[in-house]
Amino acid sequence: MDLLQAYHPTLFRERGHQLVDLLADYLQRQIVEESDPTNSWKSPPQCYTEWEDYLKNETFDFETLVSKILKDSNHLHHPKYVGHQVGVVLPDAALMGLLGSLLNNGVAVYEVGQGAVAIERLVMKAIAPYFGWSEEADGILTSGGTLGNLTALLTARSVVASNEVWTEGHGQQLAIMVSEEAHYCVDRAVKTMGWGNKGIIKVPTDDQFRMKTELLETLLEQAQQQGVQVVAVVGSACTTSTGTFDDLEAIGKFCQQHNIWFHVDGAHGASAAFAPVYCHLLKGIELADSVVMDFHKMLMLPALTTGVFIKMASNRIALFFKKRIIFGTTKKTKNGII
Ligand SMILES: Cc1ncc(COP(=O)(O)O)c(C=O)c1O
């Protein structure tokens, strides 16, 4: 096939209809009839060899390729699927994914995708009030909670660290405090920033796997005695293995007292803010300076779609830290009181 054919609208129309028909049949079997298994398990070498043979030997046929991919996938839409953390994608979201993939507009700067940039901004602005934040709040979309947490901690570093880390590096050992039950990507973010093992102060947890916030004060004193500057405390909302929500209010108050950035890793559970029955779990999130929320976990979008929210997304962040406002502990959010 030459390039002219490959880009031709007729081919796209034909295959597009074929793909949507195959996927609609697939959803019919999965959701309505529940007739397929949730997974057709093969050993890794068997799967690899089968695909190797297919890609070497078969002549290309669009329908066969799609059917083979469907067969070797986990079927998240099956009502009996209980598997990994990723969400069950809304068919409408998948269609918008097709639109986005074809257009391939970015959001890095305005000229690469004007509509996309506006939509990203509006989505962030629409969600932030659910944390009890004001219109000062803003954010960006990124690909994954891992990258989201790194982005938020880089922001914390540039705001809180005692010198201009971006241009001068950091002379002093920097660190964050986080519960020992937190997702390993927080540890990875610290290592990526080059802070090493000393850069992560693990706070022990109680019998519910919740951060023992009463230890924060002592751990901070110990760090300071060793010449370590604590830049941020990360609260888990919730933890990956047990679904435990840290006491965000206690962490928030501690951070305000000590002028430390308060980041909430809400990759899995920050979306509880949308649910009137569950938003109480996030009590204290209004005190956070940044929040990460994965839309591909509990919000029915395809991976990877992550919101990084910053409470004061402007140069005023710096001013904010000089004259830190002490917020009340009960806050009216879009969904009620948390
Ligand atoms: C609490 C928490 N934080 C961060 C992550 C990392 O998110 P991602 O897999 O989107 O990079 C996860 C993923 O499981 C998580 O549960």
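Note that the structure is a prediction, hence the values are computed from the model and not measured.

We now examine the domain arrangement of the chain. Assigned domains of the chain: these are domain 1 (3-83) and domain 2 (105-337). Here the C-alpha centroids of domain 1 and domain 2 sit 38 Å apart.

Surrounding the ligand, one finds 15 residues, the nearest of these being Gln85, Gly145, Thr146, Thr240 and Asp265. One of the side-chain nitrogen or oxygen atoms of Asp265 is found 2.7 Å away from a nitrogen atom of the ligand. Within the side chain of His296, a nitrogen or oxygen atom sits 2.9 Å from an oxygen atom of the ligand. Taken by itself the ligand offers 390 Å² of open surface, and the protein chains cover 87% of this. Counting only elements with at least two residues in the shell around the ligand, the list comes to helix 7 (145-160) and helix 12 (295-298). Tallying contributions element by element places helix 7 first for the shell around the ligand, with 3 residues. A per-class count over the shell around the ligand returns 4 nonpolar, 8 polar and 3 charged.

Burial analysis of strand 6 (residues 290-294) places 5 of its 5 residues in the buried class, the great majority of the element. The alternating pattern of strand 6 places Ser290, Val292 and Asp294 on one face and Val291 and Met293 on the opposite face, and all of these are buried. Here 3 bridges tie strand 5 (residues 261-265) to strand 6, and the two strands are oriented parallel to one another. Note that in strand 6 the partner of His263 across the bridge is Ser290. With 5 bridges connecting them, strand 6 and strand 7 (residues 306-310) associate as antiparallel partners. Bridging across to strand 7, Val291 finds its partner in Phe309.

Turning our attention to unusual backbone geometry. Note the cis peptide between Ala237 and Cys238, where omega equals 5 degrees. Among the structural elements, Cys238 can be located in the loop between strand 4 (228-236) and helix 11 (248-258). Even without being glycine, Phe209 reaches a positive phi, approximately 65 degrees. Looking at the secondary structure, you find Phe209 in the loop between strand 3 (200-203) and helix 10 (216-225).

Further remarks concern the nonpolar core. Phe131, Met177, Val233, Val291 and Phe309 are the most contacted members of the largest nonpolar core, which totals 39 residues. Only helix 6 (114-127), strand 2 (173-179), strand 3, helix 10, strand 4, helix 11, strand 5 and strand 6 provide two or more residues apiece to this core. Counting 26 residues, the second-largest nonpolar core is a separate cluster that includes Ile176, Ala189, Trp261 and Val292.

What counts, and at which threshold
- Residues numbered from 1 in each chain as written.
- Predicted model: local features only at pLDDT ≥ 70, side-chain atom pairs only at ≥ 80, totals over all residues.
- Heavy atoms only, no water.
- Domains from an automatic or database assignment.
- Near = heavy atom within 4 Å.
- Polar contact = N/O pair within 3.5 Å; in protein donor to acceptor, adjacent residues only side chain to side chain.
- Areas by Shrake-Rupley, 256 points an atom, 1.4 Å probe, with all protein chains shown as cover.
- Helix = DSSP H or I, 4+ residues; strand = E, 2+ residues; numbered from the N terminus.
- Nonpolar A, V, L, I, M, F, W, Y, C, P; charged D, E, K, R; others polar.
- Buried < 20%, exposed > 50% of the residue type's maximum accessible area, 1.4 Å probe, protein only.
- Pairing = 2+ DSSP bridges.
- Core = buried A, V, L, I, M, F, W, Y, C linked by side-chain atoms within 4.5 Å.

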